[in-house]
Structure formats: C-alpha cells, structure tokens
Amino acid sequence: DHANIKRFFSFGLLVSALINLAMGAFASFVLWTVLWGLNGWFQGFGSPSSVVTMSHWFSNRERGRYYGIWSTAHSIGEGLTFVGTAALVSLWGWQVGFYGPGIFCVFVAIGLYLALQDRPRTIGLPTIADWKNDHGVAKITDEIKKLSTTQVQLQILKMPSMWVLGLSCAAMSATRYAINSWGILYLQEAKGYALVGAGGILGLNTLAGIAGCAAYGFISDKLFQARRPPVTLAYGILEVVALLVIFYSPSANPILLTAAFGVYGFSLSGILAALGGLFAIDIAPKRVSGAAMGFIGVFSYLGAALQEQISGILIQSGTHIVDGVRHYNFDTAILFWIGTSVLSLILATTLWKVKMAD
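Notes on the structure in this doc start here. Because the structure is a prediction, the values reported are computed rather than measured.

1. Considering the overall build of the protein chain
Next, step 1: Within the protein chain, the regular secondary structure consists of 14 helices and 2 strands.
Next, step 2: Projecting the C-alpha coordinates of the protein chain onto the three principal axes gives extents of approximately 75 × 50 × 30 Å.
Next, step 3: In the protein chain, which comprises 358 residues, the share counted as buried stands at 45%.
Next, step 4: Accessible area of the protein chain: about 17,800 Å², with a carbon and sulfur share of 71%.
Next, step 5: For the protein chain, the distance from the average site of its 22 positive side-chain charges to the average site of its 16 negative ones is 9 Å.

2. A word on the packing of aromatic side chains
For any pair of aromatic rings, geometry is given as the distance between the ring centres together with the angle between the planes.
Next, step 1: Across all of its chains, the model carries 18 aromatic pairs by this definition.
Next, step 2: Taking 4.3 Å as the distance between ring centres and 5 degrees as the angle between the ring planes, the aromatic pair formed by phenylalanine 8 and phenylalanine 45 counts as stacked. Residue phenylalanine 8 is located in helix α1 (residues 5-25), and its partner phenylalanine 45 is located in the loop between α2 (29-43) and α3 (46-57); the two are separated by 37 residues in the primary sequence.
Next, step 3: What makes phenylalanine 45 buried here is its relative accessible area of 12%.
Next, step 4: Geometrically, the ring pair formed by tryptophan 32 and tryptophan 36 is tilted, given 6.2 Å between the ring centres and 40 degrees between the ring planes. Taken together, the residues tryptophan 32 and tryptophan 36, both in helix α2 and 4 residues apart, mark about one turn of the helix.
Next, step 5: Given the relative accessible area of 52%, tryptophan 36 is considered exposed.
Next, step 6: Through pairs of rings, three or more aromatic residues link up here, namely Tyr186, Phe247, Tyr328, Phe330 and Trp337.
Next, step 7: In this arrangement the basic side chain of lysine 6 is found over the ring face of tyrosine 113, its NZ or CZ atom lying 4.5 Å from the centre.

3. Examining the packing of helix α11 (residues 229-248) against helix α14 (residues 331-349)
Next, step 1: Two elements in contact, α11 and α14, have axes whose closest approach is 10 Å; the angle formed by their N-to-C orientations is 170 degrees. As the angle between them shows, α11 and α14 are arranged roughly antiparallel. The residues of α14 that touch α11, namely those facing Thr232, Leu233, Gly236, Ile237, Glu239, Val240, Leu243, Leu244, Phe247 and Tyr248, are Ile334, Leu335, Trp337, Ile338, Ser341, Val342, Leu345, Ala348 and Thr349.
Next, step 2: The residue makeup of the contact of α11 with α14, split by class, is 14 nonpolar, 4 polar and 1 charged.

4. Topic: a nonpolar patch on the surface
Next, step 1: On the surface, Ile103, Phe107, Ile110, Tyr113 and Leu114 cluster together to form a nonpolar patch covering roughly 550 Å² of accessible area.
Next, step 2: As for its position among the elements, isoleucine 110 is in helix α5 (residues 94-115).
Next, step 3: Isoleucine 110 sits in the partly exposed class, given a relative accessible area of 45%.

5. Overview of the nonpolar core
Next, step 1: The biggest cluster of nonpolar side chains holds 60 residues, and the ones touching the most others in it are Tyr67, Met162, Leu165, Leu187, Phe247, Phe261 and Trp337.
Next, step 2: Sorting the residues of this core by element identifies α3, α4 (60-92), α9 (160-189), α10 (195-222), α11, α12 (254-283), α13 (289-317) and α14 as the ones contributing at least two each.
Next, step 3: Looking at which element gives the most residues to this core, the answer is α12, with 15 residues.
Next, step 4: Residues contacting phenylalanine 261, with those up to four places away along its chain left out, are Ile179, Leu187, Ile201, Leu202, Leu204, Asn205 and Ile246.
Next, step 5: Membership of the second largest hydrophobic core comes to 8 residues, among which are Ala22, Phe42, Phe45 and Phe98.

6. Examining α1
Next, step 1: Taking 1.5 Å per residue as the helical rise, α1 with its 21 residues ought to reach 30 Å, and the 30 Å between its terminal C-alpha atoms agrees with that figure.
Next, step 2: The residue sitting at the N-terminus of α1 and contributing the capping side-chain oxygen is asparagine 4; that oxygen lies 3.0 Å from the backbone nitrogen of lysine 6.

7. Topic: the pattern of salt bridges
Next, step 1: Going through the model one piece at a time under the given rule, you end up with 5 salt bridges.
Next, step 2: Ionic pairing is found between arginine 63 and aspartate 282, a salt bridge with its closest N-O pair at 2.8 Å. Here arginine 63, found in helix α4, pairs with aspartate 282, found in helix α12; they are 219 residues apart in sequence, far enough to count as distant.
Next, step 3: Among the ionic pairs, arginine 119 bridges to aspartate 118, the shortest N-O distance being 2.9 Å.
Next, step 4: We classify arginine 119 as buried; its relative accessible area is 14%.

8. Let's talk about α14
Next, step 1: For α14, with 19 residues, the first-to-last C-alpha span of 27 Å sits near the 27 Å given by 1.5 Å per residue.
Next, step 2: Taken together, the buried positions of α14 are Ala333, Ile334, Trp337, Ile338, Thr340, Ser341, Ser344, Leu345, Leu347 and Ala348.
Next, step 3: Here the buried face of α14 lies against α9, α11, α12 and α13.

9. Quick look at the packing of α9 against α13
Between two packed helices, what matters for the description is the angle formed by their axes and the separation of those axes.
Next, step 1: Between α9 and α13, the shortest axis-to-axis distance is 7 Å and the interhelical angle comes to 45 degrees. When the axis of α9 is compared with that of α13, the two are oblique. At the point where α9 passes α13, the crossing takes the right-handed sense.
Next, step 2: Of the residues that constitute the contact of α9 with α13, the class distribution is 16 nonpolar, 8 polar and 1 charged.

The rules we used
Residues numbered from 1 in each chain as written. Predicted model: local features only at pLDDT ≥ 70, side-chain atom pairs only at ≥ 80, totals over all residues. Heavy atoms only, no water. Helix = DSSP H or I, 4+ residues; strand = E, 2+ residues; numbered from the N terminus. Buried < 20%, exposed > 50% of the residue type's maximum accessible area, 1.4 Å probe, protein only. Areas by Shrake-Rupley, 256 points an atom, 1.4 Å probe, with all protein chains shown as cover. Lys, Arg positive; Asp, Glu negative; His and termini not counted. Charge placed at Lys NZ, Arg CZ, Asp CG, Glu CD. Phe/Tyr/Trp six-rings, centres within 6.5 Å; stacked < 30°, edge-to-face > 60°. Lys NZ or Arg CZ within 6 Å of the ring centre and 35° of its normal. Axes fitted to C-alpha atoms, helices over the stretch in contact; angles between N-to-C directions. Parallel < 35°, antiparallel > 145°, perpendicular 65-115°, else oblique. Contact = heavy atoms within 4.5 Å. Nonpolar A, V, L, I, M, F, W, Y, C, P; charged D, E, K, R; others polar. Patch = residues over 30% accessible without salt bridge, like charges linked within 9 Å, V, L, I, M, F, W, Y side chains within 5 Å. Salt bridge = Lys/Arg side-chain N within 4 Å of Asp/Glu carboxyl O. Core = buried A, V, L, I, M, F, W, Y, C linked by side-chain atoms within 4.5 Å. Expected span 1.5 Å × (residues − 1). Polar contact = N/O pair within 3.5 Å; in protein donor to acceptor, adjacent residues only side chain to side chain. Left-handed = near helix turned anticlockwise from the far one by under 90°.

Shown next, in the form of structure tokens:
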C-alpha cells in the first residue's frame, strides 16, 4: 500500500528467483532452512502486489473477472511445477529443479518491471473509478481521505464485515486443506482406491478449480453487477452438496464420485477467490487493498493450521488396529469438514448487504 508497486512486485520476484538459484548451488541444511524461510517471505510479495495492481487499474464492475482469471495462476503454476520440475529433476538432477524456475523467474521479474506501472495517479492519469465512472456505493468520507495510509489500514480492523469475512475464509480454508491433506488417505481407506487412482481424482480439482475461478468472476460481474454474495451463496450450496456426495455416495459408483470431486473443485475455487481476497478489496478503501488482502490471508492460514491439528486428532481417535492392520474411521472428521463449509456459507451470507467502497 505504501510502495511503488512496479518496483516492489518485481523486486520480490527477483529476490525469490535468486534464492532458488542459491538453493540449487548449496546443500547445507542450515543454509537451506534460512533460504527456504526467506523464499517464503519474498514469494509473499506476489499476492498483495497483484491485488493492489488490480484494485487500482480495474474498476468495481470489471475487477471480478480479472481477479478470477488471476486466481487461476495458483492452479496453473502448481500444475506446471509438478510436471516441469519433475521433468527437470529426472533429466538433470535435483539442482536443476531449482535452477530452472530460478532462471525463468529472473526473466519474468525483468519483464514485470518493464511492463507494469504503478498506480494511475503516479503517472498523471485519473483514478480508475473516475475514468470508468464506476464509484463504490459506500463513499469514502472526507475524514478518512485526510488520514495517512497507515491510519486507513488500521480502519480495516474496525470493520465488522472484514472480521466476518476473515472467519468465513478461515472456515472454508479448513475444508480446502482437509481435502488436500487427507483426501488421498480417505479415498484409499474408505473408498478402496489405489494410490494412483486417488491422486488422479484429486488432480481433477486443479482443472475444475481453474474453470471455477474464471467463471466466478465473469458471473458476478456480468450477471450480478459485481455483487459477490449471490454468486458465493450459489457456489457454497454446490460445494456442500458435492461434499455430501463425496462422503456419503456408494463406493461402487466411481463416475458419480469423480463428478462430485469436479463440482467440488469448481465451486471451492470460486468461493476462495471471493472470500480469500476479491470481496475484501471490494469493501475496503482501494488505497489500502494490500492490507485488506493481508488481513484475510492471516485467517486463511490460521484456518489451514487449525484444521491440520483438529483433523489429525479426530482421525487418530477413530483409528484402531486389528491383527496388525490399521483401520480408519473418518466419520467424525467428515462431520467437521462439512461443518466448516456450512459455517463459512452462513457467515458469508450475513454479508449480503455490505456495500462496495471507492
């Protein structure tokens, strides 16, 4: 929110790229620990920098579809990493698994610096809201306009809607990471799938998620005039229904299960695009959209971390060993996973009347 985004964004990516090159050059565990932490820090520049850019260059009525397209980058990048890095390592060794992405991102950082611009006003242009005549319903008061950026950032903490949105995001993140972490084990133990088959079904989430993110943005912009809650409600119902089919459908119906995972991936990714950032930057003052994204991000990671602990305890409590063979009972964990999705849906629905801000 304070920085020149052109420099801040490209600098973070360049440093991350150089750290990857260093990780390929050294094999010291202690050094790797430090580099891994630093890499996470500088990679963290990407999401808020992207959001600040979108909030200043795309107006309220068009931001949803561009945010939806941008959200697919996570899934696309993850897929390219699985395939590309695996190929590099298998052909030339583990070091090249770091060198390849590092070199690639050096060039991307240079291209980003050359192509990206800071906020419109810094280069003599009007704000995007003025240019498109697309102002938010909730006008920013003169008192807030006089505050410094830091003071406006702190105003986010006084917005009840932002806290509710954060809790909703945390609950949905719990479901997401539960399926990512425990889904393969569940499919093997409860549904009888082999490891490869279970991995293939979960891999469908990535492809469906790409479509879900893009569709969410276009639907909310074009059909609902950039109102996110109606689309979030529809996606949320689809996601809960898909979970019910996944966990309570007959094991002997692989087509139904695969279709349910596709619907789950599609709907979940769209919901997380909204709860994980898009709606936050809609309702927060645009000059502090980076802080809004960061605030919601904290809840997302807290939800993921708490889920791992709670799910682990619930699954462990339902595990017993018979004749040396471990048997799992996921019933309680499943109720927790579905319950967090329902809770997220209820919390998000309470934000139905929250207005967009300039």
